[in-house]
Number of protein chains: 2
Amino acid sequence: MKTLIVGGVAGGMSAATRLRRLDETGEIIVFERGHYVSFANCGLPYYVGGVIQDRQNLLLQTPASLAARFNLDVRVDHEVTGIDRDAKTVSVRHTQTGVETVEAYDRLILAAGATARTGITPAGLATRTLRTVDDVDHIDALLRDITGPASAVVIGAGFIGLEAVENLVHRGVAVTLVEFGAQVFGPLDVEMAAPVLDELRARGVDVRLHSTVVAAANGGVELSDGTIVPADLVIDSVGVVPDTSLASRAGLTIGASGGIEVDDTQQTNDPSIWAVGDGVEKIDAISGQGTLITMAGLANRHGRATADSIAGTPEPASPALGTAIVGVFGLTAAMVGWSEKRLVAQGRAHRVVHTHPASHATYYPGAETMSMKLLVDPESDAILGAQIIGGSGVDKRIDILATAMTGGLTASALTRLELAYAPQYGSAKDPINQLGYVAANLAAGTTRNLQWHELEAAQAAGATLVDVRTAGEFAAGSIPGAVNVPLDELRERLGELPAGTLVVHCQVGQRGHTAARILSQNGRDVLNLDGGYRTWTAGVSTLTPATFARKA
Amino acid sequence: MKTLIVGGVAGGMSAATRLRRLDETGEIIVFERGHYVSFANCGLPYYVGGVIQDRQNLLLQTPASLAARFNLDVRVDHEVTGIDRDAKTVSVRHTQTGVETVEAYDRLILAAGATARTGITPAGLATRTLRTVDDVDHIDALLRDITGPASAVVIGAGFIGLEAVENLVHRGVAVTLVEFGAQVFGPLDVEMAAPVLDELRARGVDVRLHSTVVAAANGGVELSDGTIVPADLVIDSVGVVPDTSLASRAGLTIGASGGIEVDDTQQTNDPSIWAVGDGVEKIDAISGQGTLITMAGLANRHGRATADSIAGTPEPASPALGTAIVGVFGLTAAMVGWSEKRLVAQGRAHRVVHTHPASHATYYPGAETMSMKLLVDPESDAILGAQIIGGSGVDKRIDILATAMTGGLTASALTRLELAYAPQYGSAKDPINQLGYVAANLAAGTTRNLQWHELEAAQAAGATLVDVRTAGEFAAGSIPGAVNVPLDELRERLGELPAGTLVVHCQVGQRGHTAARILSQNGRDVLNLDGGYRTWTAGVSTLTPATFARKA
């Protein structure tokens, strides 16, 4: 049995090594069009920044090491240019010599990944992606050649764009970040992305939202608003699209999402061909529909599953949650499942919870505030998504939520999680438990909440906003229209509150909840502003100045 | 409706505040025999060590703040001395004045916690527990009074004992740790506790296993082996037992475990009396039987659930996993569910997996090695327990496993978890996924493993031990009887291996797995030494020198 694999990085190499462990005798050939296999693609930005200093650390394996360990025939600089499905052969071209050969297969695995998205960055502009060892060698050499301060423009504020910015700044480069959309880091909802924008600006990054690069200019590039920004280097991180050229030419089915369509064992519509990685459509855990998620974890896992499938012991894949994380200077931003804006766009009912807990017990030094958001199906109480931003402890909490989603735990069941507690690691009621308590209170009707973007309409409809923080907190900054009645005085001052609907708020939502309970048990119609002053502030900061002036 | 609560720390105070939020009008009185309520009991050792510097940080609430915020009547220095269940009254004594009163109740919540275990520390010896604000005030004052180097003996190497040791050393005190058992930190299995012992000794702690304190001696204490160790201070951390005196005198049912028996809404056999916290029996998630788990998280959660139950919206508690964590200098040790020794003691079938992964991608700076252990039901593939020891990332992984257990995920299903990956946070195949892959390989029979403590018998029965590490690794230290055939030479050197059963091993188990696959597909009867040289080394280090000499 002879297996050919197209692509030798995450998905392809996971398939190759697992297949060898399952089948000691079969022939396995891996074609990689680049010069390196199994390199640390997620580490590339950090090599640019000098965080990873030894280039060898990027090169996890070589053809020789893979031959010795796994008896693999790994051929770098070999591009597969066509598939003859009837003959069960592929055409291969050596990228250096141009020599073309034909190789037969019994089983074929396509793991060619994705290619940079085109059409956003002007065609004539000299840009670099940050996707290969060649890319980082080029960028590194270019920066070394510059004497004096260097400048760069990074186009696109997604995962790679943000990592590129951090690392260029770390290397002393003056960076302009150009983003087409209204926010940085599009996977997050706007109010959750606001701290990322603040962090970027605090680190001296010139962030241009609602902007594109329109042309090269003298010493830099011209943006859509006509300004010219300096750029010794332009990094194109607008995103990727599945590389399906080989698959489409061979007549394999391409899904509606644009990725190669596979079943849950990674098999294409040709029973001799499997496909895996960033070129392949995944099944979304929330919708059950085809979707694109270009994450290394899925590529590795599905690569391994491909080998199981070929070896005759298929392990059907789970739908994909899209768990993801990115570090941006001192911040960590992480998410799983769907965002609020995606739920809104799809017309899917949802309930929202914002909290701002400490990463561990506040009496132990070093606790950092996290901002958490949970999205819940109001019918089933299922967790639809979550977002967390903060410092330490963010990665832990998103992984707990991803695990809870895979385990089918409801939002209210988060209260039941028995998480490890000592004061340097968490809280007796962990932030995850707290999310569950808020969700359970909403599910039970114990509290009703109002979102930051719903406040203006509620006030316009006559609701009174009651700020239950202390007088000192109120004086330091408050929401327009709010009256201040500190929580600890609320029972005595009930008579001061005007008739009609009340919206209460505190700093983060917790005192607001207690206030709402007091008021509702005193017969008042009351809503708690979800996430309190902190979420509201983050939310309104994302509105454009004109809109903000009108709203606030 | 009038509710009395006996005990104003974790469980009692969670019940009180939640009950107020659910019921604005009922009378709630909290009796606390100590002088402080709602204090940070898990922070006490860190105040001794000076990590928490401001004493006020330990005092989260006061009777006045609880009255203002939650309209609670909190009475410190009040000890409840008796319950008249027929009259529905309690007798209360003021601990300062001795004045006795009687208070009626409609609902009574017992949250008196636990008391220090007696019978291990000699009765006449002056010791201090580390359980109250008074305790730490006393210890702090005593240490301040000593000029020159101070010394302490800590009796008992459990959670509090280890935290006490760390903090005393942090404060410059010379510490002897006296432990009755054969290992430190009894909840862990011996080979997992070995690094804790190494860490303690590396930090200069004089650890005495198989030892007890038998008497006071001149300037210190006398141990069971006759040695005298210096001790300006003796901390008694041998453990706690449920404080059930009030409950038993009132004729409430005490469970076989020794804690007050409650149903899953914390109700005792008296329908007007609830109980919560360290004094109460929990239901064990693995056995379904009553058990004692004295963790702040459960006390807080069950306190809140008690309020829900009283308010008429009961939320039945989940069985308890016993998730726990402790920091010991640079190490973190964490566990969930049952240990191997507990499974063995209960005669419960189980499968064991040891791994030693990096906390995040090794090519990114700062990765630390963790040692992980997973215990699996061989019939159902259910996760029965886990233990992790290491540095960063331990708390995250134990919480993921606890969540997986609550979600009912099997060991093999850990492969499906989609955890957040960027190189500073994890790996494309996270250590948790890897645990799942090993477990799935065992479940499928793809690999068979052998435990460190089974090796001697296997060798005695004629098995050949093959060390597949490099020659350099082999030369640096090897297992007696092993022959060295590096993995990358194995295919060529198959003929060198003697007939009969083979046991292969590498450093951590991963290369051993590949070797086992090569050998089994070449027709050999082969087992992989689980966790490799590292687990074996940790395991044999726990044997007494005499035993070790015989075994190794």
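What counts as what
- Residues numbered from 1 in each chain as written.
- Chains lettered and ligands numbered in written order.
- Predicted model: local features only at pLDDT ≥ 70, side-chain atom pairs only at ≥ 80, totals over all residues.
- Heavy atoms only, no water.
- Axes fitted to C-alpha atoms, helices over the stretch in contact; angles between N-to-C directions.
- Helix = DSSP H or I, 4+ residues; strand = E, 2+ residues; numbered from the N terminus.
- Left-handed = near helix turned anticlockwise from the far one by under 90°.
- Contact = heavy atoms within 4.5 Å.
- Nonpolar A, V, L, I, M, F, W, Y, C, P; charged D, E, K, R; others polar.
- 1 Å grid on protein atoms, 1.4 Å probe; cavity = no way out; pocket = protein on both sides within 12 Å on 5 of 7 lines; lining within 4 Å.
- Points joined across faces, edges and corners; volume = space filled by probe spheres on them.
- Buried < 20%, exposed > 50% of the residue type's maximum accessible area, 1.4 Å probe, protein only.
- Buried area = accessible area lost by both parts, 1.4 Å probe.
- Salt bridge = Lys/Arg side-chain N within 4 Å of Asp/Glu carboxyl O.
- Polar contact = N/O pair within 3.5 Å; in protein donor to acceptor, adjacent residues only side chain to side chain.
- Expected span 1.5 Å × (residues − 1).
- Least-squares fit on C-alpha atoms with pLDDT ≥ 70 in both.
- Domains from an automatic or database assignment.
- Pairing = 2+ DSSP bridges.
- Phe/Tyr/Trp six-rings, centres within 6.5 Å; stacked < 30°, edge-to-face > 60°.
- Lys NZ or Arg CZ within 6 Å of the ring centre and 35° of its normal.

Caption draft 1: A look at the packing of helix H1 (residues 10–22) of chain A against helix H8 (residues 296–310) of chain A. Residue and element names in this part refer to chain A. Contact geometry of H1 with H8 gives a least axis separation of 7 Å together with a crossing angle of 35°. Here H1 runs over H8; the crossing is right-handed. Across the interface between the two elements, Ala 10, Gly 11, Ser 14, Ala 15, Arg 18, Leu 19, Arg 21 and Leu 22 of H1 pack against Ala 299, Asn 300, Gly 303, Arg 304, Thr 306, Ala 307, Asp 308 and Ile 310 of H8. A per-class count over the contact of H1 with H8 returns 7 nonpolar, 5 polar and 4 charged.

Caption draft 2: Region of the structure containing empty space enclosed by the protein. Evaluated as defined, the whole model comprises 1 cavity of 30 Å³ or more. Reported here for the largest cavity is a volume of approximately 60 Å³. Considering the residues around the largest cavity, the lining is formed by Glu418(A), Leu419(A), Tyr421(A), Met295(B), Ala296(B), Gly297(B), Leu298(B), Arg301(B) and Thr323(B). Among the residues making up the lining of the largest cavity, the classes are represented as 5 nonpolar, 2 polar and 2 charged.

Caption draft 3: Fine view of the side chain of Asn167(A). Residues and elements named next belong to chain A. Tracing the chain through its elements places Asn 167 in helix H5 (residues 159–170). Asn 167 gets classed as buried once you look at its relative accessible area, which sits at 0%. Each residue touching Asn 167, except ones within four places of it in the same chain, is listed here: Pro 45, Tyr 46, Gly 49 and Val 51.

Caption draft 4: Expanded view of the environment of Leu233(A). Residues and elements named next belong to chain A. Relative to the helices and strands, Leu 233 is located in strand E15 (residues 233–236). Residue classification places Leu 233 among the buried positions, given a relative accessible area of 3%. Considering only alpha carbons, one finds Leu 233 and Ile 139, 94 residues apart in sequence, at a separation of 7.8 Å. If we ignore the near neighbours within four places in the chain, the residues touching Leu 233 are Ile 139, Leu 142, Leu 143, Ser 151, Ala 152, Val 153 and Leu 168.

Caption draft 5: The arrangement of the interface of chain A and chain B in detail. Counting from both sides, the interface comprises 82 residues of chain A and, opposite them, 82 residues of chain B. Summing the contributions of chain A and of chain B, the shared interface buries around 7,100 Å²; its carbon and sulfur component is 52%. The three residues of chain A that bury the most area against chain B are Tyr363(A), Arg416(A) and Glu418(A), which together make up 12% of that side's buried surface. One salt bridge connects Glu24(A) with Arg491(B), and the closest N-O pair in it is separated by 2.5 Å. Run the count over chain A and chain B and you get 42 residue pairs in polar contact (both at pLDDT 80 or more). Of all the secondary structure elements, the ones that give two or more residues to the side of chain A that touches chain B are H1, helix H3 (63–70), H8, strand E20 (324–328), strand E21 (331–337), helix H10 (394–406), helix H11 (431–444) and helix H14 (510–521) of chain A. Among the elements that line the side of chain A that touches chain B, the one with the most residues is H10(A), at 9 residues. Classifying every residue of the side of chain A that touches chain B gives 39 nonpolar, 23 polar and 20 charged.

Caption draft 6: Helix H6 (residues 190–202) of chain A, seen in detail. All names here are of chain A. Here H6 contains 13 residues, and its C-alpha end-to-end distance of 18 Å stays within 8% of the 18 Å for a straight helix at 1.5 Å per residue. Along H6, the residues that are buried comprise Glu 191, Met 192, Ala 193, Ala 194, Val 196, Leu 197, Glu 199 and Leu 200. The first or second residue beyond H6 is Gly 204, which carries a positive phi of 85°.

Caption draft 7: Expanded view of the relation of the copies chain A and chain B. Each copy of the sequence occupies a distinct position, and chain A is placed on chain B by a rotation of 180° and an axial shift of 0.0 Å, giving an RMSD of 0.0 Å. In the structure described here, the two chain copies are related by an operation that fits a two-fold rotation axis. Most of the interface of chain A is mirrored in chain B, where 100% of its interface residues again form contacts.

Caption draft 8: Spatial organisation of the domain arrangement of chain A. Residue and element names in this part refer to chain A. Domain assignment breaks chain A into domain 1 (2–115 + 241–310), domain 2 (133–238), domain 3 (330–443) and domain 4 (449–551). For domain 2 and domain 4, the distance between their C-alpha centroids amounts to 38 Å. Counting from both sides, the interface comprises 4 residues of domain 2 and, opposite them, 7 residues of domain 4. Taken together, both faces of the contact between domain 2 and domain 4 bury some 390 Å²; the carbon and sulfur share is 71%. The largest share of the area that domain 2 buries against domain 4 comes from Val 190, Glu 191 and Ala 194, three residues that together contribute 82% of it. Seen at the junction of domain 2 and domain 4, the total is 0 salt bridges. For the interface between domain 2 and domain 4, the tally reads 0 residue pairs in polar contact (both at pLDDT 80 or more).

Caption draft 9: Fine view of H5(A). Residues and elements named next belong to chain A. Its 12 residues place the ends of H5 17 Å apart at the C-alpha level, agreeing with the 16 Å of an ideal helix rising 1.5 Å per residue. For H5, the complete set of buried residues consists of Gly 161, Leu 162, Glu 163, Ala 164, Val 165, Glu 166, Asn 167 and Leu 168. Downstream of H5 by a residue or two, Gly 172 has a phi angle that is positive, lying close to 90°.

Caption draft 10: Spotlight on the sheet that holds strand E25 (residues 449–450) of chain B. Residue and element names in this part refer to chain B. Judged by pairing direction, the sheet is parallel, and its 5 strands sit side by side in the order E25-E29-E28-E26-E27 without closing on themselves. Looking at which strands have only one partner, the edges of the open sheet turn out to be E25 and strand E27 (482–484). One ladder, built from 3 bridges, connects strand E28 (residues 502–505) with strand E29 (residues 526–529); its direction is parallel. Along E29, the bridge assignment pairs Val 504 with Asn 528. Together, E28 and E29 form the strand contacts of helix H15 (residues 510–521), whose direction differs from that of E29 by roughly 180°.

Caption draft 11: Structural view of the sheet that holds strand E12 (residues 213–217) of chain B. Residues and elements named next belong to chain B. In spatial order, the strands read E12-E13-E14; together these 3 strands make up an open sheet with antiparallel pairing. Each edge of the open sheet is held by one strand with a lone partner, namely E12 and strand E14 (228–230). Going from strand to strand, the sheet's axes swing by 30° on average, the running direction of each strand aside. Here E12 pairs with strand E13 (residues 220–223) via 4 bridges, running antiparallel. Paired with Ala 216 across the two strands is Val 221, which belongs to E13.

Caption draft 12: Just the packing of aromatic side chains, in detail. All names here are of chain A. Evaluation of the coordinates by the stated rule reveals 6 aromatic pairs over all chains. When the centroid spacing of 6.1 Å and the interplanar angle of 25° are considered together, the rings of Tyr 533 and Trp 536 count as stacked. With Tyr 533 and Trp 536 both in helix H15 (residues 532–540) and 3 residues apart, the pair spans about one turn of that helix. Like Trp 536, Tyr 533 is buried. Of note, Arg 469 hangs over the ring of Tyr 533, and the distance from its end group to the ring centre comes to 4.3 Å.

Caption draft 13: Molecular detail of the environment of Thr268(A). All names here are of chain A. With respect to the secondary-structure elements, Thr 268 resides in the loop between helix H7 (245–249) and strand E17 (273–275). Residue class for Thr 268 comes out buried when judged on its relative accessible area of 8%. Put simply, Thr 268 and Tyr 425 are 157 residues apart on the chain and 45 Å apart in space, counted from C-alpha to C-alpha. Each residue touching Thr 268, except ones within four places of it in the same chain, is listed here: Leu 252, Ile 260, Glu 261, Val 262, Ile 273, Trp 274 and Ala 275. Polar contacts involving the side chain of Thr 268 include one to the main-chain amide nitrogen of Asp 270, which spans 3.1 Å. Within the structure, the side chain of Thr 268 is placed 2.8 Å from the backbone oxygen of Ile 273, a separation counted as a polar contact.

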